[in-house]
Amino acid sequence: MTENVTLHAAFASHIDVALDALEAAGTLPTGLSRANVAVEPPRDVSHGDLATNAAMVLAKPAGTNPRALAEALSAELVKVPGVTGAEIAGPGFINLKIDHAVWIAELRAIAALGGDYGRSDMGGGRTVNVEYVSANPTGPMHMGHCRGAVVGDALATLLEFAGHKVTREYYVNDAGGQVDVLARSVHLRYREALGEAVGEVPEGLYPGDYLIPVATELAAEFGDKYTAAPEADWLVTFRTRAVAAMLVMIKADLALLGIHHDLFSSEAELQAAGKPEEAEKWLRAHDLVYDGQLEAPKGKTLDDWEPVELPLFRSTRFGDDQDRPIKKSDGSWTYFGADLAYHFQKAASADALVDIWGADHAGTVKRIKAAVAALTQGAGQEKPFEIKLVQMVQLLRNGEPVKMSKRSGNFVTLADVVQEVGKDVVRFTMLTRKPEAQMDFDFAKVVEASKDNPVFYVQYANARIASTLRKGAEAGFAPSGEALDQLGAEELELIKVAAQFPRLVEAAAAAREPHRVAFYLYDLAGAFHAYWNVGNDRPEKRFIVAQDGKLTAARLYLAAQIGQLLKNGLSLLGVEAVEEM
RNA sequence: GCGCCCGUAGCUCAGCCGGAUAGAGCACCAGAUUCCUAAUCUGGGGGCCAUGGGUUCGAAUCCCGUCGGGCGCACCA
């Protein structure tokens, strides 16, 4: 095995070779898809070291029965160096026993590759655009934005590690009505900064104090020039300046979480460049946009509802329950109208698109996917476009829900939470559930120092390793790979968990599920803690055995590699590995 | 009314493209601490994988219905 081919990858190719041999021998028809052939650790360790489902997957298309095919395949697999046994079990699994030397070699691979252990070329350098956060630039980040921000950022890092070129993008909605409200809110604060008594912030404007600094700047720069001027005179200036100020604040909030986007795309610039018009023209030419009337909203009664003729996208053709307007009656673009043009533009610069959205936008998924698919197909450059929905997070304090109200400005800001519990806790916690499930974020639980808290549990494993290496050094022992034959069965169990990391990375990247990395790290930490405690009863199983320098050097080498792996995994999540607790 | 997500142990959750006897943690019970960090570990009890059908050699996993919970259903963003 070369140092760049990890164990699972190597066995995947061994099985490929064995299947080729069966094809050559006529035992297996040629050309069967092997896409579902897997090599994985068996559920029960007594079954062996690695198992493959190849015979079961291929039996049916091959027109044979799984056991017979398994017989033939296992006869090939026992020829592979390092395989010490192959047994057929259950409906047709082949369980392989692997020589200790193979596992030891994998441990050396971790040492040789270091931070690159687990890195994959699965992505083949293809470009993926991950758009996440994209909060409206009307105020600071609050906790409602947090989960999507963390999931998107971890996914971007994971995809990079799995061989993709990733662009982290933030779509700035600086063109809708909400930024006009922002501008008016700032104008009020501007008048206030010039000494006017403005009283309570009226309903419909943003009340937050965070608008005061930019308003004060505008007051200093323009004096009373705009205090009594008609809105048309100042709206664009105030809007532009306010949005810029909000973005500075948002970027600072994101930086607290360790998040940095590569690209901030402006909706206003997109519109100024005429992109939505281009999209509309093409869609009209292909009968996907027409002028028509919207149905009255169902499930709720609107007093002011009246039918109007608008340009509509035929999203009902794609499973939506009604066609959707791309322009408002005043001629300006709807969010959707601009957004489809935006995604079309993004698709031109990447091989694949991934959007991370809050679950409250679930209703708009069908229409945007339909529109983007139509546009990219039409341009002859259809691109995979996935939208990952991230469900709500309920904040709890002492078991009681924390109430948030944007109206009163009483929302929990991201900055406050990061300050209270720390970046690493926020990031790791947000990744300890699959994103499509709702989650609770309990301030008390996430900072608890116990194994109930995965953040802590994983960090503790790394701290123990660091501590052990320090103690070893004090006693004159350094990790060494010279005598790894000293490692026995208990140590191999730990290495087996470690060896799954590369496979885990690829599976998580393929599924776009960074939370799997967090769960894996919890398992790895558990395996480490379990091994560690063997030494409680049996001092000869401790990492540092003073009277046996060779053994100690080998065990410290193992500890160092597990530590390396924890660091690799944590860095995918954007979490620092702590050396001391 | 419609769309999307969820429903797995008392609680909180994993379960990868359908695969072997459904797994963790908490809680509960019984143990381990002159220890390299016991902030941990070992063992035990606890399941109709919401429910009814279907597809399959094989379903927690895929499909359809039902029930329950969440989110959404503007020319907003």
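Residues numbered from 1 in each chain as written. Chains lettered and ligands numbered in written order. Predicted model: local features only at pLDDT ≥ 70, side-chain atom pairs only at ≥ 80, totals over all residues. Heavy atoms only, no water.

A.B. asks: Kindly report on the nonpolar core, identifying the contributing residues and their values.
C.D. replies: With 136 residues, the main nonpolar core has Phe-11, Val-130, Val-426, Phe-441 and Ile-562 as its most contacted residues. Considering each element in turn, this core owes the most residues, eleven residues, to helix 20 (residues 549-573). In contact with Phe-441, other than residues within four places in its own chain, are Val-393, Gln-394, Leu-395, Leu-396, Val-417, Val-421, Val-426, Thr-429, Met-430 and Val-446. Counting residues in each nonpolar core, the second largest holds 27 residues, with Tyr-171, Leu-288, Val-289 and Phe-313 among its members. (Core = buried A, V, L, I, M, F, W, Y, C linked by side-chain atoms within 4.5 Å. Buried < 20%, exposed > 50% of the residue type's maximum accessible area, 1.4 Å probe, protein only. Helix = DSSP H or I, 4+ residues; strand = E, 2+ residues; numbered from the N terminus. Contact = heavy atoms within 4.5 Å.)

A.B. asks: Can you explain unusual backbone geometry? Please cite residues and give values.
C.D. replies: A positive phi angle is found at Val-133, which is not glycine, with a value near 75°. Looking at the secondary structure, you find Val-133 in the loop between strand 5 (127-131) and helix 5 (146-161). Take Val-133: its relative accessible area is 16%, and that puts it in the buried class.

A.B. asks: Tell me about the layout of surface pockets, and name the residues and values.
C.D. replies: Within this model, the largest pocket holds a volume of roughly 1,200 Å³. Breaking the lining of the largest pocket down by element, the ones donating at least two residues are helix 5, strand 10 (324-325), helix 11 (335-347), strand 11 (352-358) and helix 12 (365-378). Looking at side-chain class alone, the lining of the largest pocket contains 20 nonpolar, 17 polar and eight charged residues. Computed from the structure, the second largest pocket encloses a volume of approximately 700 Å³. The wall of the second largest pocket is formed by 25 residues, among which Thr-6, His-8, Ala-9, Ala-12 and Glu-506 lie closest to the centre. At the level of secondary structure, the elements contributing two or more residues to the lining of the second largest pocket comprise helix 1 (7-25) and helix 18 (501-510). In terms of residues, the lining of the second largest pocket owes the most to one element, helix 1, which gives seven residues. (1 Å grid on protein atoms, 1.4 Å probe; cavity = no way out; pocket = protein on both sides within 12 Å on 5 of 7 lines; lining within 4 Å. Points joined across faces, edges and corners; volume = space filled by probe spheres on them. Nonpolar A, V, L, I, M, F, W, Y, C, P; charged D, E, K, R; others polar.)

A.B. asks: I'd like to hear about the confidence of the model for chain A, residue by residue, with values.
C.D. replies: Across chain A, pLDDT averages 90, with 96% of residues at or above 70. Across the predicted assembly, pTM comes out at 0.94 and ipTM at 0.94. (pLDDT = per-residue confidence, 0-100.)

A.B. asks: Provide a residue-level description of helix 14 (residues 423-430), including the pertinent values.
C.D. replies: Burial analysis of helix 14 places seven of its eight residues in the buried class, which makes it a mostly covered element. Every buried residue of helix 14 is listed here: Asp-424, Val-425, Val-426, Arg-427, Phe-428, Thr-429 and Met-430.

A.B. asks: Describe the packing of aromatic side chains, listing the residues and the values that go with them.
C.D. replies: Summed over the entire model, instances satisfying the criterion amount to 19 aromatic pairs. Aromatic side chains Tyr-226 and Phe-238 sit 5.9 Å apart centroid to centroid with 85° between the ring planes, which places their arrangement in the edge-to-face category. Highlighted residues: Tyr-226 in the loop between helix 7 (212-222) and helix 8 (231-256) and Phe-238 in helix 8, separated in sequence by twelve residues. Note on accessibility: Tyr-226 and Phe-238 belong to one class, buried. Every member of this aromatic cluster is reached through a ring pair, and the members are Tyr-190, Phe-222, Tyr-226, Trp-234 and Phe-238. Here Lys-251 stacks its cationic end above the ring of Phe-264, 4.2 Å away from the centre of that ring. Seen from the ring of Tyr-290, Arg-314 lies directly overhead, with NZ or CZ sitting 4.1 Å from the centre. (Phe/Tyr/Trp six-rings, centres within 6.5 Å; stacked < 30°, edge-to-face > 60°. Lys NZ or Arg CZ within 6 Å of the ring centre and 35° of its normal.)

A.B. asks: If you had to explain the side chain of Ser-266 to someone new, which residues and values would you point to?
C.D. replies: Mapped onto the fold, Ser-266 is located in strand 7 (residues 263-266). A distance of 2.9 Å separates a polar atom in the side chain of Ser-266 from the backbone nitrogen of Glu-269. Ignoring anything within four residues of it in the chain, the contact list for Ser-266 reads Val-172 and Asp-174. (Polar contact = N/O pair within 3.5 Å; in protein donor to acceptor, adjacent residues only side chain to side chain.)

A.B. asks: Could you give an account of the protein's contact with RNA strand B, naming the residues involved and the relevant values?
C.D. replies: The immediate surroundings of RNA strand B are formed by 70 residues, with Arg-43, Phe-93, Arg-433, Lys-451 and Tyr-460 found nearest. Within 4 Å of the protein, the atoms of RNA strand B are drawn from sugar and phosphate moieties in a proportion of 67%. Measuring from a base nitrogen of RNA strand B, one finds a side-chain N or O atom of Ser-329 at 2.7 Å. Put simply, the parts of the chain that give the surface near RNA strand B at least two residues each are helix 2 (54-62), strand 4 (93-98), helix 6 (177-193), helix 16 (454-474) and helix 19 (515-537). The greatest single-element share of the surface near RNA strand B, amounting to ten residues, is contributed by helix 19. Considering only residue class, the surface near RNA strand B consists of 28 nonpolar, 21 polar and 21 charged. (Near = heavy atom within 4 Å.)

A.B. asks: So what's going on with the pairing of strand 5? Which residues, and what values?
C.D. replies: Summarising burial for strand 5: four of the five residues are buried, a large majority. Sheet topology places strand 5 next to strand 6 (residues 165-172); five bridges connect them, and they run parallel. Pairing of Glu-131 across the sheet is with Glu-169, part of strand 6. Sheet topology note: the strand 5/strand 11 ladder contains four bridges and is parallel. Residue pairing across strands places Glu-131 opposite Asp-355, the latter belonging to strand 11. (Pairing = 2+ DSSP bridges.)

A.B. asks: Lay out the sheet that holds strand 9 (residues 309-313) with the relevant residues and their values.
C.D. replies: Overall, antiparallel pairing links the three strands, which are arranged 8-9-10 in an open sheet. Two strands lie at the open edges of the sheet, namely strand 8 (289-293) and strand 10, each paired on one side alone. Two strands pair when backbone bridges link them, and strand 9 and strand 10 are joined in this way by two bridges, in the antiparallel orientation. Within the sheet, the bridge partner assigned to Leu-312 lies in strand 10 and is Pro-325. Running at roughly 85° to strand 8, helix 10 (residues 275-285) makes contact with strand 8 and strand 9 of the sheet. (Axes fitted to C-alpha atoms, helices over the stretch in contact; angles between N-to-C directions.)

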